[in-house]
Amino acid sequence: MTELLAPAGDLEKLNIAYLYGADACYIGGKKFSLRSRASNFTEDDLIEAVKIAKSYQKKLYITVNIIPHNEDLAGLEAYLSFLEKIGVDGIISASLHIIKLALDLTKLEVHVSTQLSVLNSEAIDFLTSLGVQRVVLGRELSYKELAEIKQKSALELEVFIHGGMCAGYSGRCVLSNNMTDRDANRGGCAHSCRWNFDLFHKGEKLNDEANYFSMAAKDLQAIRYIPRLLDIGINSLKIEGRMKSLYYIALVVKTYRTLIDSYQRDKKINFAYYLKEIKKAENRMTASGYLEGAAKENKTIYKKRAETPRKDFVGLVLAYDQVTKIVTVEQRNYFMAGQKLEFFGPSYSKKVTVKEIRDEAGTILDACRHPLQKVYFKLNFTVSKYDLIRLA
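Residues numbered from 1 in each chain as written. Predicted model: local features only at pLDDT ≥ 70, side-chain atom pairs only at ≥ 80, totals over all residues. Heavy atoms only, no water.

1. Comments concerning the overall build of the protein
The secondary structure content of the protein amounts to 10 helices and 24 strands. By the compact-globule yardstick of 21 Å for 392 residues, the protein fits well, its C-alpha radius of gyration being 22 Å. A separation threshold of at least 6 residues defines the contact pool for the protein, and within that pool the share at least 24 residues apart is 65%. Per element, the accessible surface of the protein, about 18,600 Å² overall, is 50% carbon and sulfur. (Helix = DSSP H or I, 4+ residues; strand = E, 2+ residues; numbered from the N terminus. Rg over C-alpha atoms; globule rule 2.2 N^0.38 Å. Contact = heavy atoms within 4.5 Å. Areas by Shrake-Rupley, 256 points an atom, 1.4 Å probe, with all protein chains shown as cover.)

And the structure:
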C-alpha cells in the first residue's frame, strides 16, 4: 500500500493532515532540523505529536536533516535516544554521521533525506548495506528514471509529488548563505532564488522595473503522474510544505487522498476535477518538475510574480451544537453575512448562504473583519471540529 506523507508545522496542522487523509506526517523538532522559520516542535510538542499519531493509528517521522558542522553535533545522541523513547516511527536525515549513529544507537527507522541527492540504483545499494529503511529520492529524476530505479531496488522509495522546488541541487543551495549569511542547509534559507534581480550585460541593464529577473523553480504539482507512480510501486508519495497554512495542508492532502483512493478503486481518474481542486490551494505557479525530463524555461519563474495571496479560506470550525444548531467558527479571512460559503471536511463538501452572524457578545455582525475572532451562526447540517470554510 502506497503511503501518502504530509508535512505539519504545528500540532493543529498535524491533526488536520491526519484527518484529511495522510497516512503519515513528518515534522521537525527545535534541534537538528531544517526550516528554522517553521513553528518547529518543542520536546513536549513532540511527545504530544506522537500521542496524536497513535490516536489516528498513523505514522510520524521526525526530520533530523540538518547538514551539521562540528558545532552542531552537541546533544545529538541524547536527542536520538529521546525520539526513540517517545515512540516516533523514524527519522529523516541527510548526514551519514547522523544516519550511522541512529542505526547504531536506536531501533528507529532511518529514511535518507532528498538532500543526499540519491539519483541512482548503486547509491541505493550502498545505503541498503548500511541498514536504512527508505530513501527519499532526489527531485531531479524523471518518471522513466524512477521506474528503472524502483525495478532495481528492494529498498522503500519515497518521491515528492507536491510543493516547493529548489533552484539548487536537491535543496543544497548556498545563495542564501552568500546573500544573507543564513545557512540554507542548517535551517536558514532566505529563498534568495525568488528575489527580484536586475540583469546586466557588459554593464548595461537589460530589464526595466516591470521585467525583473529571478531564478526560482515553479512549485511541483504531480496530479497527472500519480497513477503511474502507483503502478510502478513507489512506497511513499510526499507533499512538501511544513511552513504552509492549515488550509493548504487540508486541501492538498484531501485532493491527493481522493485521487489515490479513486485510482486504486476503479483505475479511472477525472484529472480535470483534481487539477481544479489543487489550484484552489496554490499561491504560486506550478509545473511537473523533472518528471517529464530536464526542466526547461516553462518550469521556472524568470519574469513573472512568484506568489499570489489567496483569501478563499475564511474560517475554521471549532465546535457544533447539535441542539441549538449553532456553529462556532474561528475567522481566518474577511467574509460577510449573505455571502455563499462552502463547508468541507475530509469526506464532504456543502454550500450554504449564512444570513446572520454574531460575535461572542451576541452582537449581530454585517461582516467578519478580525482574523482569529470567534463568530457564531446557525447551520442546518452537522459539521465537525477542523472542518474548513471557504468562499463558494
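2. Re the pairing of strand 24 (residues 388–391)
Here three bridges tie strand 15 (residues 313–320) to strand 24, and the two strands are oriented antiparallel to one another. Within the sheet, the bridge partner assigned to Gly 315 lies in strand 24 and is Ile 389. (Pairing = 2+ DSSP bridges.)

3. Quick word on the nonpolar core
Grouped together as the largest cluster of nonpolar side chains are 88 residues, with contacts concentrated most on Leu 60, Leu 83 and Leu 229. Top contributing element to this core by residue count: helix 9 (residues 246–266), with 12 residues. Every residue in contact with Leu 229, bar those within four places of it in the chain, is listed here: Tyr 143, Leu 146, Ile 161, Ile 234 and Leu 237. (Core = buried A, V, L, I, M, F, W, Y, C linked by side-chain atoms within 4.5 Å. Buried < 20%, exposed > 50% of the residue type's maximum accessible area, 1.4 Å probe, protein only.)

4. Quick look at the side chain of Arg 390
Structurally, Arg 390 can be placed in strand 24. Judged by relative accessible area, Arg 390 falls into the buried class, the value being 3%. A distance of 3.3 Å separates polar atoms of two side chains, one belonging to Arg 390 and the other to Tyr 247. Not counting residues up to four positions away in its chain, the partners in contact with Arg 390 are Tyr 247, Leu 251, Glu 277, Lys 280, Asp 312, Phe 313, Val 314, Leu 341, Glu 342 and Phe 344. (Polar contact = N/O pair within 3.5 Å; in protein donor to acceptor, adjacent residues only side chain to side chain.)

5. Quick notes on the packing of aromatic side chains
Throughout the structure, instances matching the rule amount to 11 aromatic pairs. Aromatic side chains Tyr 20 and Phe 344 sit 6.3 Å apart centroid to centroid with 80° between the ring planes, which places their arrangement in the edge-to-face category. Here the residue Tyr 20 occupies a position in the loop between helix 1 (11–19) and strand 2 (24–28), and Phe 344 occupies one in strand 18 (residues 340–345), the gap between them amounting to 324 residues. Residue classification places Phe 344 among the buried residues on the basis of a relative accessible area of 1%. Judged by centre distance (6.3 Å) and plane angle (70°), the ring pair of Tyr 247 and Phe 344 falls under edge-to-face. Here Tyr 247, found in helix 9, pairs with Phe 344, found in strand 18; they are 97 residues apart in sequence, far enough to count as distant. Since its relative accessible area comes to 6%, Tyr 247 is described here as buried. (Phe/Tyr/Trp six-rings, centres within 6.5 Å; stacked < 30°, edge-to-face > 60°.)

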